[in-house]
Amino acid sequence: VQLVESGGGLVQPGGSLRLSCAASGFTFSWYDMKWYRQAPGKEREFVAHISSDGGSTTYADSVKGRFTISRDNAKNTVYLQMNSLKPEDTAVYYCNAAWRILNYWGQGTQVAVSS
């Protein structure tokens, strides 16, 4: 099982980034997918969720209206489009796959928002 995040980097406030999480080793289309983030010195927090068929999404209040989660089950990939980025969005972003009692995590990708 692998979840590999990519797309992180350094961006100025107000900018955009698109994160990707490529999955392998399990039946991706069965799994709900989530993005979490962890800022330095803080606990990991929920960012966004998408249902297995992509028909339902939820967001943390802090990112609602700025971030969009999506998935492509044909490509076994989940995305996080991040717009209007703020310095407080700086964190390591992780994708998570969950189905019944199974739960997988990626290694994370760093996002830094700074001028």
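Residues numbered from 1 in each chain as written. Predicted model: local features only at pLDDT ≥ 70, side-chain atom pairs only at ≥ 80, totals over all residues. Heavy atoms only, no water.

1. So, the packing of aromatic side chains
Within this structure, the stated rule accounts for eight aromatic pairs. Aromatic side chains F26 and Y104 sit 5.3 Å apart centroid to centroid with 50° between the ring planes, which places their arrangement in the tilted category. Separated by 78 residues along the polypeptide, F26 in the loop between β3 (17-24) and β4 (32-38) and Y104 in strand β10 (residues 102-105) bring together distant segments of the chain. The exposure class assigned to Y104 is partly exposed, which follows from its relative accessible area of 21%. An aromatic cluster of three or more residues is present, and its members are F26, F28, W30, Y31, W99 and Y104. One cation-aromatic arrangement involves R44 over Y94; the distance from NZ or CZ to the ring centre is 3.7 Å. (Phe/Tyr/Trp six-rings, centres within 6.5 Å; stacked < 30°, edge-to-face > 60°. Helix = DSSP H or I, 4+ residues; strand = E, 2+ residues; numbered from the N terminus. Buried < 20%, exposed > 50% of the residue type's maximum accessible area, 1.4 Å probe, protein only. Lys NZ or Arg CZ within 6 Å of the ring centre and 35° of its normal.)

2. Details of the state of the cysteines
Evaluated as defined, the whole model comprises one disulfide. What pairs with C21 in a disulfide is C95, and their sulfur atoms sit 1.9 Å apart. Its torsion about the S-S bond being 40°, the disulfide of C21 and C95 is classed as right-handed. On the criterion of sequence distance, the pair formed by C21 in strand β3 and C95 in strand β9 (residues 91-99) is long-range, its members being 74 residues apart. (Disulfide = S-S within 2.5 Å.)

3. Describing the sheet that holds strand β7 (residues 67-72)
Here four strands make up an open sheet; going across it, the order is β1-β3-β8-β7 and the pairing antiparallel. The outermost strands of the open sheet, each flanked by one partner alone, are β1 (2-6) and β7. Going across the sheet, the axis of each strand differs from the next one's by a mean of 15°, ignoring polarity. When β3 meets strand β8 (residues 77-82), the two strands line up antiparallel, connected through six bridges. Looking at the pairing, C21 lines up with V78 of β8. (Pairing = 2+ DSSP bridges. Axes fitted to C-alpha atoms, helices over the stretch in contact; angles between N-to-C directions.)

4. Some details on the pairing of β4
Strand direction decides the pairing type here: β4 and β9, joined by seven bridges, are antiparallel. Bridge pairing in β9 places R37 opposite Y93. As paired elements, β4 and strand β5 (residues 45-50) share five bridges and run antiparallel to each other. Bridge pairing in β5 links M33 to I50. Counting the residues in the hairpin turn of β4 and β5 gives six residues, including G41, whose phi is positive at 75°.

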